[in-house]
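# Secondary and tertiary structure notes
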Amino acid sequence: MDMRLPFACVMIVGLAIGFSVPAMQVEQELASEAAAAQESELTLGAAQQVTNTGWGHEVALERERDGHFYADVTVDGVPSRMLVDTGASVVALTGEDALAMGLYWDENEVAPVAQGASGAVYGVNTTLPRMRLGDFEAQDVRAIIIPEGLGISLLGQSFLETIGNVRIADDRMVLEN
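Residues numbered from 1 in each chain as written. Predicted model: local features only at pLDDT ≥ 70, side-chain atom pairs only at ≥ 80, totals over all residues. Heavy atoms only, no water.

## A few points about the overall build of the protein chain
Each helix and strand in the protein chain was counted, giving 3 helices and 11 strands. Reading the protein chain from its N terminus to its C terminus gives the helix and strand order α-β-β-β-β-β-α-β-β-β-β-α-β-β. In the protein chain, which comprises 177 residues, the proportion classed as buried is 34%. (Helix = DSSP H or I, 4+ residues; strand = E, 2+ residues; numbered from the N terminus. Buried < 20%, exposed > 50% of the residue type's maximum accessible area, 1.4 Å probe, protein only.)

Spelled out as structure tokens, the structure:
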């Protein structure tokens, strides 16, 4: 009997298992992140506080159970829940959120707009006419629409840089002017 054939079959099965396990792990991680985001969504209302300190306004965000900060923002009056990402240079919108905000794009315009950990990020550059978080409002905010692959919209520096001070102390992120 020729032993090369069984060895080849074992190698093919081994390769198939090797490639499918990481894919399953990625799917499980994405499902866990989605569940955590959904769980956080239930408690967000109490986690965001807008206060007037006499010197100006501040928004205090409590760290959620998943370790992240989330904010309720409005874009041209449309409410959206975003993950605060101080490392993102611009606001990044999911395709679903962009559509809810009345933003549309041509599929032919989708192109690489950023570099992520796993490679190029494809999207469309846009400008948000008016964006608000508590009493903080900015106009003509740079943003990108990422039609596929982004689980939640990101509140990036193109909006955060319009706020006087953003600091994290313990489990609170405080945005203040």
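## Some thoughts on the nonpolar core
If you look at the biggest cluster of nonpolar residues, it comprises 29 residues, and the most contacted ones within it are Met-82, Val-91, Leu-128, Met-131, Leu-155, Phe-159 and Leu-175. Put simply, the parts of the chain that give this core at least two residues each are β2 (57-62), β3 (70-75), β4 (78-84), β5 (91-94), β7 (119-133), β8 (136-146), α3 (157-160) and β11 (172-176). For this core, the element with the highest residue contribution is β8, accounting for 5 residues. Counting residues in hydrophobic clusters, the runner-up holds 8 residues, among them Val-90, Ile-144, Ile-152 and Leu-154. (Core = buried A, V, L, I, M, F, W, Y, C linked by side-chain atoms within 4.5 Å.)

## Looking at the packing of aromatic side chains
For the structure shown, the criterion picks out 0 aromatic pairs. Directly above the ring of Tyr-70 sits Arg-81, whose terminal nitrogen or CZ lies 4.0 Å from the centroid. (Phe/Tyr/Trp six-rings, centres within 6.5 Å; stacked < 30°, edge-to-face > 60°. Lys NZ or Arg CZ within 6 Å of the ring centre and 35° of its normal.)

## Regarding a negative patch on the surface
A cluster of acidic side chains, namely Asp-106, Glu-107, Glu-109 and Glu-148, defines a negative patch on the protein surface. A relative accessible area of 47% means that Glu-109 is categorised as partly exposed. (Patch = residues over 30% accessible without salt bridge, like charges linked within 9 Å, V, L, I, M, F, W, Y side chains within 5 Å. Areas by Shrake-Rupley, 256 points an atom, 1.4 Å probe, with all protein chains shown as cover. Salt bridge = Lys/Arg side-chain N within 4 Å of Asp/Glu carboxyl O. Lys, Arg positive; Asp, Glu negative; His and termini not counted. Charge placed at Lys NZ, Arg CZ, Asp CG, Glu CD.)

## Side note on the environment of Met-101
Checked against the element boundaries, Met-101 lands in the loop between α2 (95-100) and β6 (111-116). With near-sequence residues (within four places) excluded, Met-101 lies in contact with Val-75, Val-78, Ser-80, Met-82 and Leu-93. (Contact = heavy atoms within 4.5 Å.)

## Here we look at the pattern of salt bridges
The tally for this structure, following the rule as stated, stands at 5 salt bridges. Here Arg-132 and Asp-135 are joined by a salt bridge, their closest N and O atoms 4.0 Å apart. When its relative accessible area of 39% is taken as the criterion, Asp-135 is described as partly exposed. Of the charged contacts, one joins Arg-167 and Glu-176 as a salt bridge, the two residues approaching to 3.1 Å between their closest N and O atoms.

## Some words on the side chain of Glu-176
Along the chain, Glu-176 falls in strand β11. Take Glu-176: its relative accessible area is 16%, and that puts it in the buried class. At a separation of 3.1 Å, a polar atom in the side chain of Glu-176 contacts the side chain of Arg-167. For Glu-176, the contacting residues outside a window of four places in its chain are His-57, Glu-58, Phe-136, Ile-163, Gly-164, Asn-165 and Arg-167. (Polar contact = N/O pair within 3.5 Å; in protein donor to acceptor, adjacent residues only side chain to side chain.)

## What about the pairing of β7?
Taken together, the 2 bridges between β3 and β7 define a ladder with antiparallel strand orientation. Following the sheet pairing, Thr-74 is matched in β7 by Arg-132. Pairing analysis gives 5 bridges linking β6 to β7, with the strands arranged antiparallel. Bridge pairing links Gln-115 to Ala-120 in β7. The antiparallel hairpin formed by β6 and β7 contains 2 residues in its connecting segment. Relative to β8, β7 is paired through 9 bridges, and the arrangement is antiparallel. Within the sheet, the bridge partner assigned to Val-124 lies in β8 and is Ile-145. (Pairing = 2+ DSSP bridges.)

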